[in-house]
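# Reading the structure
Okay, here's what each chain looks like letter by letter:
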Amino acid sequence: RRVQVHGFVLLKGEKMSKSLGNVVDPMDLYERFGADAFRYFFMRECPFTGDGEFSYERFTAVYNADLANNLGNLYSRTLAMCLRYFEGTLPGAGDTTPSDVFGDAQLATVARDYELRIERCEYNLALAAVWQKVLDPANRYIDRTEPFKLAKSDRDACRRVLLNLSEALRVAAILTKPFIPATSQKLYAAFAYGVPYADVRLEHVARPPAPVSELRVTAELSDGKVPPLFPRIEATGEP
């Protein structure tokens, strides 16, 4: 019913051309940084109906800020604290309060707006909303509640904070599924949420299935530690 046409990817303001020698090999980016990092950058930085700008410096900045420091840091810190303070098992999995993390933002509204952006092919705006409405608040929630201090003074409060963070990861897994599918699956596999990843739908953002009695960390570990989702990269420059 509709043909949607994307714009050009520019390098330093110019169209890429073999004659100018300014072509960026997409397979090089894929092999060096992975498919999800490649997908994220171009879907986030290039409006689908307009031109986008690429540079190795910008790629590095976006990768480190959004993927390594934001999403990756939330994942690693949440799991590490669950393992360290509760040996990977959080009882009372239904004891969550999303408003503690997301404030006045209603997850049902976030999901509807997200769906509308995708229907309009506004993929960059859909991704921006995931970071602004879900991931940024979750990272601020850690800084505000300081669960690493609560673990010493109020273990039950610490448990509830970590349950809220596990919910933030679950929501992020659902919303990132179309864009960074491999990472989305890792996010969802962080805990045994009780519903197979293949059965997860957008409607589950605001209405999670019946919770399990306890939440267990099921992420793949390396020597008992949480491997980084996106290891930070140094300024790459041109290859």
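Residues numbered from 1 in each chain as written. Predicted model: local features only at pLDDT ≥ 70, side-chain atom pairs only at ≥ 80, totals over all residues. Heavy atoms only, no water.

When you go through the protein residue by residue, the secondary structure sums to nine helices and five strands. Ordered by position from the N terminus, the helices and strands of the protein form the series β-β-α-α-β-α-β-α-α-α-α-α-α-β. Here the C-alpha atoms of the protein give a radius of gyration of 19 Å, agreeing with the 18 Å that 2.2 N^0.38 yields for 239 residues. Principal-axis analysis of the C-alpha atoms places the extent of the protein at approximately 65 × 45 × 30 Å. Counting the 239 residues in the protein, one finds 44% classified as buried. (Helix = DSSP H or I, 4+ residues; strand = E, 2+ residues; numbered from the N terminus. Rg over C-alpha atoms; globule rule 2.2 N^0.38 Å. Buried < 20%, exposed > 50% of the residue type's maximum accessible area, 1.4 Å probe, protein only.)

Take Thr145: it is sitting in helix α6 (residues 123-145). In this structure the side chain of Thr145 is engaged in a polar contact, spanning 2.7 Å, whose partner is the backbone oxygen of Tyr141. Here Thr145 is in contact with Leu150 and Val161, once residues within four sequence places are set aside. (Polar contact = N/O pair within 3.5 Å; in protein donor to acceptor, adjacent residues only side chain to side chain. Contact = heavy atoms within 4.5 Å.)

The next thing to look at is the side chain of Ser184. Within the fold, Ser184 resides in helix α9 (residues 181-188). Overall, the relative accessible area of 0% leaves Ser184 in the buried class. Among the polar contacts made by the side chain of Ser184, one reaches the side chain of Tyr197 at a distance of 2.8 Å. When sequence neighbours within four positions are dropped, the list of residues in contact with Ser184 reads Ala173, Thr176, Lys177 and Tyr197.

So, about helix α3 (residues 56-86). Roughly 40° is the biggest bend found in α3, and it falls at Asn73. Following α3 by one or two positions, Glu87 has its phi on the positive side, about 55°. (Bend = angle between axes of the 7 residues up to and from the residue.)

Taken in spatial order, the three strands make up an open sheet running β2-β1-β3, and their pairing is mixed. Whereas interior strands pair on both sides, the edge strands pair on one side only; in this sheet they are β2 (14-15) and β3 (52-54). Where strand β1 (residues 9-11) lies against β3, three bridges are found, and the strand directions are parallel. By the bridge assignment for β3, Val9 is matched with Gly52. (Pairing = 2+ DSSP bridges.)

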